Amino acid sequence: MKKHPNALVTGGAGGIGSAVCRILHEKGYRVFVMDVATAEGQALAAGLTGENGKSAAVFVYADLADLQSLHQTATQLTEQYGPFEVLVNNAAIDTMGPLETTTIEEYLLTQRINAESAYILSRSVAPGMKAIGGGQIVSILSIILSGGWENRAPYAMSKGALLGMTRSLARELGPDSIRVNAVSPGAIPTAMERKFWKDDRSELDAAILAKQSLKFRAAPEDVANAVWFLISPESRFITGHELHVNGGWYMG
Ligand SMILES: NC(=O)c1ccc[n+]([C@@H]2O[C@H](COP(=O)([O-])OP(=O)(O)OC[C@H]3O[C@@H](n4cnc5c(N)ncnc54)[C@H](O)[C@@H]3O)[C@@H](O)[C@H]2O)c1
């Protein structure tokens, strides 16, 4: 393996994404923080310093809704820095609303950002992974696939699409030593959760803890550690798997 293998993390500036970027950096990867949140992404990348104190990470502005540009961006990065060893499809928008009032545009955008971008990026990085003898693709799904919540169909559909992609690509790319897995988080305190409480999050915490078997709130690092396990050689015989990280909220 290269001294600093390349890892691309979408939504890398967000709550879970930044924890994934940090652990990959710790493990010696050159991390590409891909996001639309420029200030947060640049600050994160600048803080992930290398041996000489300079940043060992690269912020990449990319709007995942623009699939053509996304492919071009991933191709350019590969030409400039070499193939990606790791792709983490983490970014998502959390669309909420009843069936009849959610607009077609909102529905389509959710599929594009949450699921189709992951397919496009997998397609963009797979040739490089094949050329270097393997790689890992991990996508972030959601507990929503296990439970079923009202007013969340577009979001749930996008995560279901990612699960289908995970299993199908695991089968297709396994012979090239590319493992494809997924992590399904439960409730993780990040910006995504912020809309569920107003001034005081204690009610939300209590409701979540009542559902969980483990009686503490998770941290983004709990998800990042699971992602790292699926990237690491310790999981070398695992592919096409959905790893639940939900404190025992849903099992099975
Ligand atoms: N937080 C939770 O409780 C929870 C639960 C289940 C699943 N998840 C999943 O975890 C993943 C990370 O979520 P999070 O909680 O860290 O959310 P977050 O909102 O903190 O991070 C999401 C990141 O995605 C980026 N993003 C959004 N749209 C983008 C676009 N068009 N192009 C590029 N980047 C874009 C955002 O700027 C943000 O940095 C998501 O896939 C989410 O569905 C989160």
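In what follows, the structure referred to is the one given above.
This structure is a prediction, so every number in the text was calculated from the model and none was measured.

Cut-offs used in this document
Residues numbered from 1 in each chain as written. Predicted model: local features only at pLDDT ≥ 70, side-chain atom pairs only at ≥ 80, totals over all residues. Heavy atoms only, no water. Helix = DSSP H or I, 4+ residues; strand = E, 2+ residues; numbered from the N terminus. Buried < 20%, exposed > 50% of the residue type's maximum accessible area, 1.4 Å probe, protein only. 1 Å grid on protein atoms, 1.4 Å probe; cavity = no way out; pocket = protein on both sides within 12 Å on 5 of 7 lines; lining within 4 Å. Points joined across faces, edges and corners; volume = space filled by probe spheres on them. Pairing = 2+ DSSP bridges. Axes fitted to C-alpha atoms, helices over the stretch in contact; angles between N-to-C directions. Contact = heavy atoms within 4.5 Å.

Engineer: It is not clear to me how unusual backbone geometry should be interpreted in this structure. Could you clarify?
Structural biologist: When glycine is set aside, most residues are seen to have a negative phi, and most peptide bonds are trans. Positive phi, close to 65 degrees, is recorded for Asn 151, a residue that is not glycine. Within the secondary structure, Asn 151 sits in the loop between helix H5 (144-147) and helix H6 (153-173). Relative accessible area serves as the criterion here: at 38%, Asn 151 is assigned to the partly exposed category. One non-glycine residue, Ser 177, adopts positive backbone phi at about 60 degrees. With respect to the helices, strands and loops of the structure, Ser 177 is situated in the loop between H6 and strand S6 (178-185). With relative accessibility at 44%, the residue Ser 177 sits in the partly exposed group.

Engineer: Just to check I follow, could you spell out empty space enclosed by the protein for this structure?
Structural biologist: Scanning the entire structure with this criterion turns up 1 cavity of 30 Å³ or more. Roughly 30 Å³ of volume is contained in the largest cavity. Residue lining of the largest cavity: Thr 10, Asn 89, Asn 90, Ala 91, Ile 113, Asn 114, Ser 117, Ala 118 and Leu 121, and that is the complete set. With 5 residues, the top contributor of residues to the lining of the largest cavity is helix H4 (residues 104-131).

Engineer: Teacher, can you tell me more about the sheet that holds strand S7 (residues 242-245) here?
Structural biologist: Reading across from one edge, S3-S2-S1-S4-S5-S6-S7 is the order of the 7 strands in this open sheet, with parallel pairing throughout. With partners counted over all chains shown, the strands left at the sheet margins are strand S3 (58-61) and S7, one partner each. The average angle at which neighbouring strand axes cross in this sheet is 20 degrees, direction not considered. Alignment of strand S1 (residues 6-10) against strand S2 (residues 30-35), held across 5 bridges, turns out to be parallel. Of the residues in S2, the one forming a bridge with Val 9 is Val 33. Across the face of the sheet, H6 comes into contact with strand S4 (86-89), strand S5 (135-140), S6 and S7 while running at roughly 155 degrees to S6. In the packing of helix H8 (residues 220-231) onto the sheet, contacts are made with S4, S5, S6 and S7, and the angle to S6 comes to roughly 165 degrees.

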